Amino acid sequence: MTTEDLIERYVADVVALLPRRQRHDVAMELRTLLHEEAGDAPDVPEMLRRFGHPAEVAARYGTPVALIDPVDTRRFLTLAAGGTVIIQLGAFLGELIKPVRDFRGAADDAWPLVFGWLGVLFAVFAAMAWWRRRHPARWRPRPLPTDRINRTGRLFAVAFYLLGTVILLDPAAALRLVTGGRAAQAAYDAFAYDPAFLRYRGPVLLALLLSGIALQVVLAWLGRWRAPLQTADLVYSLVLAAGLTWIIATPIFTAGPTDELMREACALTVLGALIDLGLRVRRLSVTHALAASHDGGRGGGEVQG
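Just so it is clear, the structure is predicted and the values come from calculations on it, not from any experiment.

A. Quick look at helix α1 (residues 3-15). With 13 residues, α1 should cover 18 Å at 1.5 Å per step; its first-to-last C-alpha distance of 18 Å lies within 8% of that length. Those residues of α1 lying buried are Ile7, Tyr10, Val11, Val14 and Val15. Along the axis of α1, the buried positions cluster into a sector of 125°, meaning they face one direction only. Those residues of α1 that are buried are in contact with α2 (20-39), α3 (44-51) and α4 (54-60).

B. Structural view of the pattern of salt bridges. Taken as a whole, this structure holds 12 salt bridges when the rule is applied. Taking the shortest distance from any N to any O, the salt bridge between Arg9 and Asp13 comes out at 2.9 Å. You can see Arg9 and its partner Asp13 sitting in helix α1, four residues apart, about one turn around the helix. For the salt bridge of Arg133 with Asp69, the shortest nitrogen-to-oxygen distance reads 3.2 Å. Linking Arg133 in helix α6 (residues 103-134) with Asp69 in the loop between α4 and α5 (73-96), this pair joins segments that are 64 residues apart in sequence. Accessibility expressed as a relative area gives 11% for Asp69, which makes it buried.

C. Representation of α5. Its 24 residues give α5 an end-to-end C-alpha distance of 34 Å, which sits within 8% of 34 Å, the value for a rise of 1.5 Å per residue. Along α5, the positions that sit buried rather than exposed are Phe76, Ala80, Gly83, Thr84, Gln88, Ala91, Leu93, Glu95 and Leu96.

D. Highlighting the packing of aromatic side chains. All chains considered together, the criterion is met by nine aromatic pairs. The interplanar angle of 25° and the centroid separation of 5.3 Å between the aromatic rings of Tyr193 and Phe197 together place this pair among those described as stacked. For the pair formed by Tyr193 and Phe197, the shared burial category is buried. Members of the aromatic cluster, connected to one another through ring pairs, are Phe191, Tyr193, Phe197 and Phe253. Note that Arg60 overlies the ring of Phe51, its terminal NZ or CZ placed 5.5 Å from the centroid. Geometry around Tyr188 places Arg176 over its ring, the cationic atom sitting 4.3 Å from the centre.

E. Spotlight on the packing of α2 against α3. Put simply, α2 and α3 touch, their axes get as near as 10 Å, and they point 130° apart. Put simply, α2 runs oblique to α3. Crossing angle aside, the handedness with which α2 passes α3 is right-handed. Between α2 and α3, the contacting residues are Leu30, Leu33, Leu34, Glu37 and Ala38 on the first element and Val44, Met47, Leu48 and Phe51 on the second. Among the residues making up the contact of α2 with α3, the classes are represented as eight nonpolar, no polar and one charged.

Conventions adopted
- Residues numbered from 1 in each chain as written.
- Predicted model: local features only at pLDDT ≥ 70, side-chain atom pairs only at ≥ 80, totals over all residues.
- Heavy atoms only, no water.
- Helix = DSSP H or I, 4+ residues; strand = E, 2+ residues; numbered from the N terminus.
- Expected span 1.5 Å × (residues − 1).
- Buried < 20%, exposed > 50% of the residue type's maximum accessible area, 1.4 Å probe, protein only.
- Arc of directions from axis to C-beta.
- Contact = heavy atoms within 4.5 Å.
- Salt bridge = Lys/Arg side-chain N within 4 Å of Asp/Glu carboxyl O.
- Phe/Tyr/Trp six-rings, centres within 6.5 Å; stacked < 30°, edge-to-face > 60°.
- Lys NZ or Arg CZ within 6 Å of the ring centre and 35° of its normal.
- Axes fitted to C-alpha atoms, helices over the stretch in contact; angles between N-to-C directions.
- Parallel < 35°, antiparallel > 145°, perpendicular 65-115°, else oblique.
- Left-handed = near helix turned anticlockwise from the far one by under 90°.
- Nonpolar A, V, L, I, M, F, W, Y, C, P; charged D, E, K, R; others polar.

Given below as structure tokens:
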């Protein structure tokens, strides 16, 4: 190829990567510049290689349009990975409560939901990037995170969880109390626990529930989060998720419909606990980073452990 052909091919590759409104002016400017450079260059192909790849040159003439803003990439990847794990875990838990299990088939069946989640996530982030470029938002300060808690709300939550635990101790008796004993015997029989559940898994479930209530009582009494309490709460969420996963592996109630409903509720609790755990870990990492930066500034630039 002649020098003219090489330069023209190079210019074409560059302007093909630019918006339509820029192509004419950039093509004229770049062609002139390259002809001047080529006049003093013994090796034109080498001169073009040193000038840079067409994609790099195009980027110099403006910020490339990204479907997902670079600032959102980490959050996109976190949500994509987290959603994939939650969907696959949901498929596993759903299979765990079935009499006949096919975990590999459940995982395969979950992949369309995973790809659907990734597609929706990509569309949402792309729409956010498009809107942000056309409607720049003004930053508005939000309240700083605090370690204080709403004691009244926390105490109401403790009362709610305690009531639920009391009902679970004998759901048939709770139903009899509510209905005044006028319900059919089949309704009471539907809430009879499986004997195998009462032997081992029932006490474990009761211990998990009481431990969570005790943790919330301590938190309400202190009125604020403390580092050991935060750690204990995170560990409790993990133990709760693991314990419930073990508990739903075998029947809880003798009646099929009641048992299926209860095990599905436990499976949803596992997923909710893990999602909440991930969100709290993220918030704590931000809070700890801010606290460490303050400690480092007071300590002469070193972050104090």
